[in-house]
Amino acid sequence: MKSFWRAFRRNRLAVIGGIIVVVLAVAAVAAGSIAPWDPNRPDVKKILDPPSRAHLLGTDQLGRDVLSRMLHGARVSLAVGFVSVGIAAFIGITLGSAAGYNGGMVDATIMRLVDLMLVFPRFFLLLAVLAFLKPSIWTIMAVIGITGWMGVARLVRAEFLALKEREFVVWSQSIGASGFRIIWRHILPNAMAPVLVAMTLGIPAAILTESGLSFLGLGVQPPRATWGNILNEGKDAIELAWWLSVYPGLAILLTVLSYNLLGEGIRDALDPRLRQSAGRVGGRGR
Amino acid sequence: MLAYALRRLLLALPLLLGITFVSFIVIHLAPGDPVEMAGGDVPMTQNPQVGKWREELGLDKPLHVQYLNWVSRLVRFDFGRSFAPHGRPVLTMIAERLPITLLLNIVEMLIIVTMAVPVGALSATRQYSAFDKVTTIFVFIGFATPDFWLALLLMILFGVQLGWLPISGLRSMNWEYLSFWQQQGDFLAHLTLPIVVATFGGLAGFSRYMRQSMLEVIRQDYIQSARAKGLAERVVIGKHALRNALLPIVTILGLSLPTLIGGSVIVESIFAIPGMGQLMVQAAFERDYPVLMGNLVIVSTLTLLANLAADVAYGLVDPRIRVGRRRR
């Protein structure tokens, strides 16, 4: 742990990324109290006001404060990022360890399922699912998670294949420990490092996916503000109000960049050999 | 080689069946029945269209019967009809839109590969140089930029502010009055921004992979021996290293296809390009489920075929693969 910190601290970009990640998380949690205006209160006298001292990032078509909407949007983005990656990790770890530990038919079946899921372009699959579901923040989290577990499953399986021949596993088997116990207590803890890295890198991918869906109008629905749907509304006023299109996008860029820097920093500090093997949960979000 | 290709093909067949299964499940497991939602706000009993669809689609039958019927029609290339007012055959709609999506994706792929290979190789052979650092920054920015946002920014800059490039559709209003060459130029101008947006993220990813792959190769012993026997650095890098570094790129190219095609959803809907992605978004809004299922099946089958082609290509360029050693 100590050597991890020493290696991590030396990576200046990763530290900066980590600080931004923390600041964003605090801002999102405290959005209710630090937002200067009510994010959903329209004001007919302030429609499409450019950035000013009262409204630092301007106002939108209904006269709502863009900064306040973005702060509340940060909540949605981060919540979707964390929860959907949690769901993806849960499915991926379960199936990946089942495949890696059991081998044989179980392994073959699960890996064919992974191949199958990877054949679908993600956005096409997401659109097909979302067309028939009531769009809410929970459905978005669920569908992003359910379509994004394949990377983790492969990663966990590979770790299991390497670990299950090791002495400490063979010993526990020889004294009659149950399969579940061996997986849960002995192998999984040793396989977690690359999974955690993949999860850190999966959060920005999920954030990109959510904002893309909201931008298309099939994600989180207005009036709840998200970075994606502010951009969607901004698109209609693209010739009048650049601030509606520029700032939310910058927020996404900064967030995704920080998480990526942090994730890669953690990976390198944990073990430089992981540089190659650690994948992302669900690729770059598409 | 033929045996290898056939083996890959046999492995792909169950996946093809799986594609139809997932496409079916995805839509039929959602609560409510697809026709009910497509009927909109009109009460079901009063909407004659709903009853007609239901009968036509056999939605009153058990799920497995519906699935088997649907698959047996797919085999005969009958994808059903759209729910939209004119009820056109889904296959016709896809046939109209597939070429433009394929064209865009192939052009993007070519641009990505021709740019990413030299950039990645250069930053690997000059690791930690200024060039390498600049590309690394570009890669991180490229990974983090939402493509729809980049599209908006480029539209503001080139479309609205400068007025250099068209920002929507494939043809100008006065297209019919242009000469042949002007028409081609007009078409290219319309494609420029969408292609730039779609290549941006992929370029970042690929130059990163290429750099990684090249870094691994130049540490190998055979590169040392090539140098030791006195070959010029140009030959060592250009001939011995580059060829081997390109091998994994073939696979990654195949694997990243779904990502690239998935990107057409966003790019096509922003730039109003009548392709598969735009069709998918429209169908999702209209809950036009024959179109959604047909689209999903076609797009994923194409991805499967492309992956298969990449596998076979890999076997062609790297004989070690054919002898049965698994890649992962």
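To be clear, the structure that these remarks concern was listed above.
Residues numbered from 1 in each chain as written. Chains lettered and ligands numbered in written order. Predicted model: local features only at pLDDT ≥ 70, side-chain atom pairs only at ≥ 80, totals over all residues. Heavy atoms only, no water.

When you look at the interface of chain B and chain A in this model, what are you seeing that I'm missing?
Think of interface size as the accessible area that goes away when the parts come together; that is how it is often given. Counting from both sides, the interface comprises 55 residues of chain B and, opposite them, 45 residues of chain A. Three residues, B:Phe140, B:Phe148 and B:Trp149, lead the burial of chain B against chain A; their summed loss comes to 14% of the area buried on that side. The tally of links from chain B across to chain A stands at zero salt bridges. Listed by contribution, the elements that provide at least two residues to the side of chain B that touches chain A are helix H1 (2-28), helix H2 (34-38), helix H6 (130-144), helix H7 (147-161), helix H8 (180-218), helix H11 (257-270), helix H12 (276-286) and helix H13 (289-317) of chain B. Tallying contributions element by element places H11(B) first for the side of chain B that touches chain A, with nine residues. (Contact = heavy atoms within 4.5 Å. Buried area = accessible area lost by both parts, 1.4 Å probe. Salt bridge = Lys/Arg side-chain N within 4 Å of Asp/Glu carboxyl O. Helix = DSSP H or I, 4+ residues; strand = E, 2+ residues; numbered from the N terminus.)

I keep staring at the pattern of salt bridges and nothing clicks. Help me out?
Note on pairing: side chains with opposite charge can pair once their charged atoms come close. For the coordinates displayed, the defined rule picks out 10 salt bridges over all chains. Beyond isolated ion pairs, a larger network of salt bridges with shared partners links A:Arg112, A:Asp115 and A:Arg154.

Quick question: what am I supposed to make of the environment of A:Glu167 here?
With respect to the helices and strands, A:Glu167 occurs in helix H9 (residues 167-174). In this structure, the C-alpha to C-alpha distance between A:Glu167 and A:Met150, residues 17 residues apart in sequence, is 29 Å.

In this structure, what is going on with the packing of helix H6 (residues 122-130) of chain A against H11(B)? I would like to understand it.
The description of two packed helices rests on the angle between their axes and on the distance between the axes. Here H6(A) crosses H11(B) at 55 degrees, and the two axes come no closer than 6 Å. For the element pair H6(A) / H11(B), the angle class is oblique. Where H6(A) abuts H11(B), its residues A:Phe123, A:Phe124 and A:Leu127 lie against B:Ile261, B:Gly262, B:Val265 and B:Ile266. Looking at the contact of H6(A) with H11(B), its residues break down into six nonpolar, one polar and no charged. (Axes fitted to C-alpha atoms, helices over the stretch in contact; angles between N-to-C directions. Parallel < 35°, antiparallel > 145°, perpendicular 65-115°, else oblique. Nonpolar A, V, L, I, M, F, W, Y, C, P; charged D, E, K, R; others polar.)

For this particular structure, what's the right way to read unusual backbone geometry?
Trans is the common state for peptide bonds, and a negative phi is the common state for residues other than glycine. In the segment running from A:Pro222 into A:Pro223, the intervening peptide bond is cis, with an omega of 10 degrees. Relative to the helices and strands, A:Pro223 resides in the loop between helix H10 (179-216) and helix H11 (227-236). A positive phi angle is found at B:Phe77, which is not glycine, with a value near 60 degrees. Turning to its location among the elements, B:Phe77 is positioned in the loop between helix H4 (63-75) and helix H5 (90-125). Taking relative accessible area as the criterion, B:Phe77 reaches 62% and is therefore assigned exposed. A positive phi angle, near 70 degrees, is found at B:Tyr128, a position not held by glycine. By the secondary structure assignment, B:Tyr128 is in the loop between H5 and H6. (Buried < 20%, exposed > 50% of the residue type's maximum accessible area, 1.4 Å probe, protein only.)

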